Amino acid sequence: MSPKYTATVHWLRPELTGSEIVVATAGNKAAANITEEIPGIDAVRGAEEAACDADYFTELASNVLGGNAWGLIAAKLGKRGNRIAFVKRFWWGDPAGKVDESAQERPKPIKGMKKILDDAAAHPLTADIWAGSVRRFKEARAEVDRLATQRQQAAEAIARITQRSAELPALQSAVEMARAQTVRHGAELAAAQVQLADAEKEVGEANDACDRHAKRQPNLWVILSTFFRAGREWHEKAARLDTALDNAKTAADSLRSAIGFHKVAAGQASIAQRHHEVALENAMYEVAVLEQRLGQARARWPGRLPYRPDFATDDEFHLCAPWADAAYTEARNRLFLEALRLHKTFILGAQPRLRDNLDVAMAVLRDGLQVPTETLHMVWQSLFLVVPVVSTTFASLPRLFRGLGREAFGWLFIDEAGQATPQQVLGGIWRARHSVIVGDPQQLEPIVSLPLSAQHALRRNNKVDEQWTPENTSAQRIADRLARFGTSLPEPDGNTRVWVGAPLRVHRRCERLMFGISNDIAYGGDLMIYGTQVNGDYPGHSAWIDVHGISSDNWVPDEGKALSELFEELRRDGVGPGDIRVISPFRDAVRGAEEIARHRFDWSFVKDNVGTVHTVQGQESNVIILVLGSAPRKTRAREWAAETPNLLNVAVSRAKRRLYVIGNRALWQDQRYFDTLAARLPVRAWPADRPTNTRPRLTGDHRTSDER
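Residues numbered from 1 in each chain as written. Predicted model: local features only at pLDDT ≥ 70, side-chain atom pairs only at ≥ 80, totals over all residues. Heavy atoms only, no water.

Draft legend 1. Geometry of the packing of aromatic side chains. Inspection of every chain in the model, using the stated rule, returns 16 aromatic pairs. Taken together, a centroid distance of 5.8 Å and an interplanar angle of 40° make the contact between Phe586 and Trp640 tilted. Note that Phe586 is positioned in the loop between strand 13 (580-584) and helix 19 (587-600) and Trp640 in helix 21 (residues 635-641), a separation of 54 residues in sequence. Trp640 gets classed as partly exposed once you look at its relative accessible area, which sits at 36%. Taken together, the ring pairs connect Trp380, Phe384, Phe401 and Phe409 into an aromatic cluster. Between the NZ or CZ atom of Arg481 and the centre of the ring of Trp468, over which it lies, the distance is 5.2 Å. (Phe/Tyr/Trp six-rings, centres within 6.5 Å; stacked < 30°, edge-to-face > 60°. Helix = DSSP H or I, 4+ residues; strand = E, 2+ residues; numbered from the N terminus. Buried < 20%, exposed > 50% of the residue type's maximum accessible area, 1.4 Å probe, protein only. Lys NZ or Arg CZ within 6 Å of the ring centre and 35° of its normal.)

Draft legend 2. Up close: the sheet that holds strand 15 (residues 621-627). Strands sit in the order 14-13-15-16-12-17 across an open sheet of six strands; the sheet is parallel. Two strands bound the open sheet, and with one partner strand each, they are strand 14 (610-612) and strand 17 (683-686). For this sheet, the mean inter-axis angle between neighbouring strands, taken without regard to orientation, is 25°. Taken strand by strand, helix 19 contacts strand 13, strand 14 and strand 15, and its axis lies near 175° from that of strand 14. (Pairing = 2+ DSSP bridges. Axes fitted to C-alpha atoms, helices over the stretch in contact; angles between N-to-C directions. Contact = heavy atoms within 4.5 Å.)

Draft legend 3. Looking closely at the environment of Lys79. Tracing the backbone shows Lys79 in the loop between strand 2 (74-76) and helix 4 (80-91). Since its relative accessible area comes to 42%, Lys79 is described here as partly exposed. A C-alpha to C-alpha distance of 5.5 Å links Lys79 and Ser396, two positions 317 residues apart in sequence. Excluding residues that lie within four positions of it along the chain, Lys79 makes contacts with Asn28 and Ser396.

Draft legend 4. Region of interest: a nonpolar patch on the surface. A cluster of nonpolar side chains, namely Leu220, Leu224 and Phe228, defines an oily patch on the protein surface of about 320 Å² accessible area. You can see Phe228 is positioned in the loop between helix 7 (220-225) and helix 8 (229-300). (Patch = residues over 30% accessible without salt bridge, like charges linked within 9 Å, V, L, I, M, F, W, Y side chains within 5 Å. Areas by Shrake-Rupley, 256 points an atom, 1.4 Å probe, with all protein chains shown as cover. Salt bridge = Lys/Arg side-chain N within 4 Å of Asp/Glu carboxyl O.)

Draft legend 5. Fine view of unusual backbone geometry. Of the consecutive residues Trp686 and Pro687, the connecting peptide bond is found in the cis state with omega at -5°. On the secondary structure map, Pro687 appears in the segment after strand 17. Located in the positive-phi region is Glu407, a residue other than glycine, with phi close to 50°. Mapped onto the fold, Glu407 is located in the loop between helix 13 (397-400) and strand 6 (409-414). A positive phi angle, close to 75°, is found at Tyr673, a residue other than glycine.

Draft legend 6. Geometry of a negative patch on the surface. A cluster of acidic residues, Asp198, Glu202, Glu205, Asp208 and Asp211, forms a negative patch at the surface. Structurally, Asp208 is set in helix 6 (residues 127-215). (Lys, Arg positive; Asp, Glu negative; His and termini not counted. Charge placed at Lys NZ, Arg CZ, Asp CG, Glu CD.)

Draft legend 7. Region of the structure containing the environment of Ala479. Along the chain, the position of Ala479 falls in helix 16 (residues 475-481). In this structure Ala479 comes out as partly exposed when scored by relative accessible area, which is 22%. On a C-alpha basis, the gap between Ala479 and Pro124 in space is 49 Å, while along the polypeptide they are 355 residues apart.

It is worth stressing that arrangement in space is one thing and function is another; only the former is reported here.
Written out as structure tokens, the structure is:
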């Protein structure tokens, strides 16, 4: 690793690679949130004991996270400061240990991965330990496979009954058409037979007429005595009778042919009818059998079968958690934890080679050590083998993975892709074998620092179509173009619609008031489905605090006073600072709110809990305080905030329990989208003794449980 120190890097078997996961976002907080939430103890709430008992380096994971963790699953990388902090906590641990105020003993040092692997080398695992880990994993895997097979049979029954039920109307129609054909050909056959009888009668009559006429043929004396007239007349009539006989025979022959055709057609129609009847009977029998099988499945796993006819509405159907019955969920959880135990056993058993590789990986992260591409690939794979998920911003991704080539790691998860330009995500997509792009085009759009005029100049110079201008699109919208399943939502102009791929329709964050506002302004009022599980009452009532103040910029000092009073009100109600986020569309208003928050709390609160709306996308809080700001004369500032539903949608949908809006209601209530906000929120005058004539317009029942 230097002229004085060298290290050996060991090759990894291909079977151990390809599952590396990189989570990338446009913003630091959004990236950090994911890799902090996954290993955090709250992620396994309700199963903490089982998760911690698996002990996937739990103590070290808590040290890396800087809080209580259940396993070393994810790490926050990206910028250099994060990388250095990770190396320090992950590789070296904490020699001082974690202080426990309730314990009388001196805290024990927290071992870093280096020390953990060194100890494993000093006390190697026995073959019995490895065999036991493998056996327990295989047993858990076999149980999951057994349960999965049962549910797969039900899933196949659902797919089959859906298909066969959809075929029934066509089969019924085919039977009815075949029966109609049979009846028609039978009727035509009967009619032809009646006509043939009449025709044969005509043939007989014509034949009799010919015979009678033949007997009346005049003799020679009569012919001569009439100067041949009698002979001519007799021959003329004979010719007419012969013609009539021939015509009658021809008609009869034609009818016999028609009868033969109708007999064949009627027979074929009867066969076809029976064929369609059998097909219908078989389909109906199969549907009945499948329905019986599904009935048994319903009894075993009530409410867990994703079979649309079992649900009264689409909303109920989407709220179903398919196959998440207790037995299967428990078995899958056990398999996951046994896999972690086995994985940890493997890591400790592979310590001689893995330690060398991780040592180089730490040098790469901490010092930017330059190594050959193939070597770099192996050391990154080794780190991912221990910590399967890392996060980064797009800005840091090229430096973090500098030197890695195409498809170097397994998976790239792009979160908040609606905030990322297509150009930002290209490097990550190129380095990944698979990419999962997650975002919402109805939330905040990309922020591009390059002036629009410069963007267009570069575009024209490189002959690039205008649709690829970073200002005009996002990675999410580009990905949605290729989505097979999805829906269309109205654009802000009201004249066009945007295709959204595979929308996640169930909303599980906000209480109903915030959900209703967000759904109406951004999703047409009917796309999203309310699925939030509200746990108990929460202090306070969401409201619009109507402040009429003057200002020369976007910070209104009276709104700051109202904010300070609201802080005090929340404190009296027992709401802690960690449950509060203060946001605003404008930086001026944010700076003013920061000053108010600093006096009320501290700089730590200001740093983590006060910012523009753009800084909170991908985050949430029990209480959101939206400080609107904007001077009365700055109409354009308010129009900018209301150009699209995106900004207000993000602001409102961050609030899990309560939403407070501080601002001049008269100035904002006529702005697009904000009119819905003004109509839904109850109004509180500020100061409290200032009278107000405004009242909320309630459209539908969007009140929270405590407001009812």
